[in-house]
Amino acid sequence: QVQLVESGGGLVQAGGSLRLSCATSGRTFSSYAMAWFRQVPGQEREFVAAISWSGGSTYYKDSVKGRFTISRDNPKNTMYLQMNSLKPEDTAIYYCAASSSLYSGRHYLSNEYDYWGQGTQVTVSS
């Protein structure tokens, strides 16, 4: 079994930064493609960013491109999301996800991911 635990969320003012972490355990972390999604209560979970198992390929939601950076440290079994220039519309619960068999071009689809964390709250005040 694979377990994912997010951390690093909190309250920050607009224009500030946060760094989210996703710690993983179980099986082989380095073989999993991973992603960050976010969700506002009552709305659909939306794709934020994804990263290949090696870290060589990254993908971003258009609205966060240039502001957010996804990365991973396989020896530490941890994935990160550096969020800069935060906006109030970034407020959401952020979830990390992992897939052992993600097909190319489908990284933005939530149903392609097998494992999910419990989420960490990010609140951006104006």
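Figured I'd write up the structure that's included with this text.

What counts and what doesn't
- Note on numbering: residues in each chain are counted from 1, in written sequence order.
- Local features in this predicted model are restricted to residues whose pLDDT is 70 or higher, and side-chain atom pairs enter the listing and the counts only when it is 80 or higher, whereas totals over whole chains, interfaces and linings include all residues.
- To obtain the side-chain values, all non-hydrogen atoms of the structure were included, while hydrogens and water were left out.
- By convention a nonpolar core is built from buried Ala, Val, Leu, Ile, Met, Phe, Trp, Tyr and Cys residues, the set being connected through side-chain atoms within 4.5 Å.
- Partly exposed describes any residue whose relative accessible area lies between the buried limit of under 20% and the exposed limit of over 50%, with all areas from a 1.4 Å probe on protein chains only and scaled to the type maximum.
- Numbering goes from the N terminus for both helices and strands, where a helix is a DSSP run of H or I of at least four residues and a strand is a run of E of at least two.
- Contacts are residue-level and defined by heavy atoms, with any inter-residue pair within 4.5 Å sufficient.
- Note on pairing: two strands pair once DSSP finds at least 2 bridges between them.
- Axis lines are fitted to C-alpha atoms, over the contacting stretch for helices. Their N-to-C directions set the angle, which ranges from 0 to 180 degrees.
- Classification of ring pairs rests on two measures: the distance between centres of Phe, Tyr or Trp rings, Trp counted by its six-membered ring, which must be within 6.5 Å, and the angle between planes, read as stacked under 30 degrees, edge-to-face over 60 and tilted in between.
- Defined by distance alone, a disulfide is two cysteine sulfur atoms within 2.5 Å.

## Points about the nonpolar core
Reasoning step 1: Core analysis: the largest hydrophobic core is formed by 26 residues, its most contacted members being Trp36, Leu81, Met83 and Tyr94.
Reasoning step 2: Looking at this core, the elements that each hand over two or more residues are strand E3 (18–25), strand E4 (33–39), strand E5 (46–51), strand E7 (68–73), strand E8 (78–83), strand E9 (92–99) and strand E11 (120–125).
Reasoning step 3: The dominant element in this core, judged by the number of residues it contributes, is E9, at four residues.
Reasoning step 4: Residue contacts for Tyr94: discarding those within four places in its chain leaves Glu6, Leu20, Trp36, Phe37, Arg38, Val48, Phe68, Leu81, Met83, Gly119, Thr120 and Val122.
Reasoning step 5: By size, the runner-up hydrophobic cluster in this structure holds six residues, among which are Ala35, Ala50, Ala97 and Tyr113.

## Points about the sheet that holds E7
Reasoning step 1: Reading across the sheet, the four strands line up as E1-E3-E8-E7 and stay open at both edges, with antiparallel pairing between neighbours. The open sheet terminates on both sides in strands that have one partner only, identified here as strand E1 (3–7) and E7. The sheet shows a mean angle of 15° between the axes of neighbouring strands, direction not considered.
Reasoning step 2: In this sheet, E3 lies alongside E1 in antiparallel orientation, the contact comprising five bridges. Across the sheet, Leu4 pairs through a bridge with Thr24, a residue of E3.

## Digging into the packing of aromatic side chains
Reasoning step 1: Applying the stated criterion across every chain yields a total of five aromatic pairs.
Reasoning step 2: When the centroid spacing of 5.7 Å and the interplanar angle of 75° are considered together, the rings of Phe37 and Phe47 count as edge-to-face. Here Phe37 is found in strand E4, whereas its partner Phe47 is found in strand E5, with ten residues between them in sequence. Here Phe37 and Phe47 have matching classes, each one buried.

## Brief notes about the state of the cysteines
Reasoning step 1: For the structure shown, the criterion picks out one disulfide.
Reasoning step 2: Covalently, Cys22 is tied to Cys96 through a disulfide, its sulfur atoms 2.1 Å apart. Measuring the twist about the S-S bond at about 60°, one finds the Cys22-Cys96 disulfide to be right-handed. Taken as a pair, Cys22 in strand E3 and Cys96 in strand E9 lie far apart in primary sequence, 74 residues in all.
Reasoning step 3: Judged by its relative accessible area of 0%, Cys96 is buried.

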